[in-house]
Amino acid sequence: MLGPGHTDTDLAILVPDARVWFLGDVIEQTGPPMYGSGSYPLAWPDALRGLLREIRSDDVIVPGHGSVVDRAFVQAQASQLQAVAEEIRAAHDAGIAPDDVRLGRSLQEYWPESFLRSAVRDAYARLSDG
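Here is a short report on the structure shown in this document. (Residues numbered from 1 in each chain as written. Predicted model: local features only at pLDDT ≥ 70, side-chain atom pairs only at ≥ 80, totals over all residues. Heavy atoms only, no water.)

**Quick look at the nonpolar core**
A general feature of soluble globular proteins is that nonpolar side chains tend to end up buried together. We apply this condition: Nine residue types can take part in a nonpolar core, namely buried Ala, Val, Leu, Ile, Met, Phe, Trp, Tyr and Cys, and a core is a set of them joined through side-chain atoms within 4.5 Å. Three exposure classes are used, based on accessible area relative to the maximum for each residue type with a 1.4 Å probe and protein chains only: buried under 20%, partly exposed in between, and exposed over 50%. Every helix listed is a DSSP run of H or I at least four residues long, and every strand listed is a run of E at least two residues long, numbered separately from the N terminus. Two residues qualify as a contact provided that any one of their heavy atoms is within 4.5 Å of a heavy atom in the partner residue.
Ranked by internal contacts, the top residues of the largest apolar core, which has 33 residues, are Tyr35, Leu48, Leu51, Val84, Ile88, Leu103 and Trp111. When contributions to this core are tallied by element, the ones reaching two or more residues are strand E2 (20-28), helix H1 (44-52), helix H2 (71-93) and helix H4 (113-129). Apart from the residues within four sequence positions on either side, Leu103 is in contact with Val84, Glu87, Ile88, Gln108, Leu116 and Val120.

Structure (structure tokens):
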């Protein structure tokens, strides 16, 4: 079962005899994963780690956008998403208001500002609910 990540309706399909995964927007190859549209920035890394427990090193992975990728690509994207989640959680725990959150330089160089603002907004909303 795939937990919430890009959305709460993400779908992962494995064609077992071919070892091909179709992961939709849970993985994006043409650019950074897009936050927004009801994304789950704090849970997304866990969704990918759950998939990584099932994905074999020689499996083929078809992302929602872009060319076919491998397991290492998914691991790297999970690490990037984890970095965003950790910085947002730290800002929230420090009492920083959502509009005042400034994520690290390496994250700002990778993600457009609008994506990061969406990640902060969605994460804070979920942290406030919990």
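**Notes on the pairing of E2**
Cut-off, in case you're wondering: Only strands joined by at least two bridges in the DSSP assignment are considered to pair.
Inspection of the sheet shows strand E1 (residues 13-15) paired to E2 by 3 bridges, in the antiparallel sense. By the bridge assignment, Leu14 is partnered in E2 with Trp21. Hairpin remark: E1 followed by E2, antiparallel, with 4 residues in the connecting loop; positive phi at Arg19, about 55°. As paired strands, E2 and strand E3 (residues 60-65) are joined by 5 bridges and run parallel to one another. Note that in E3 the partner of Trp21 across the bridge is Ile61.

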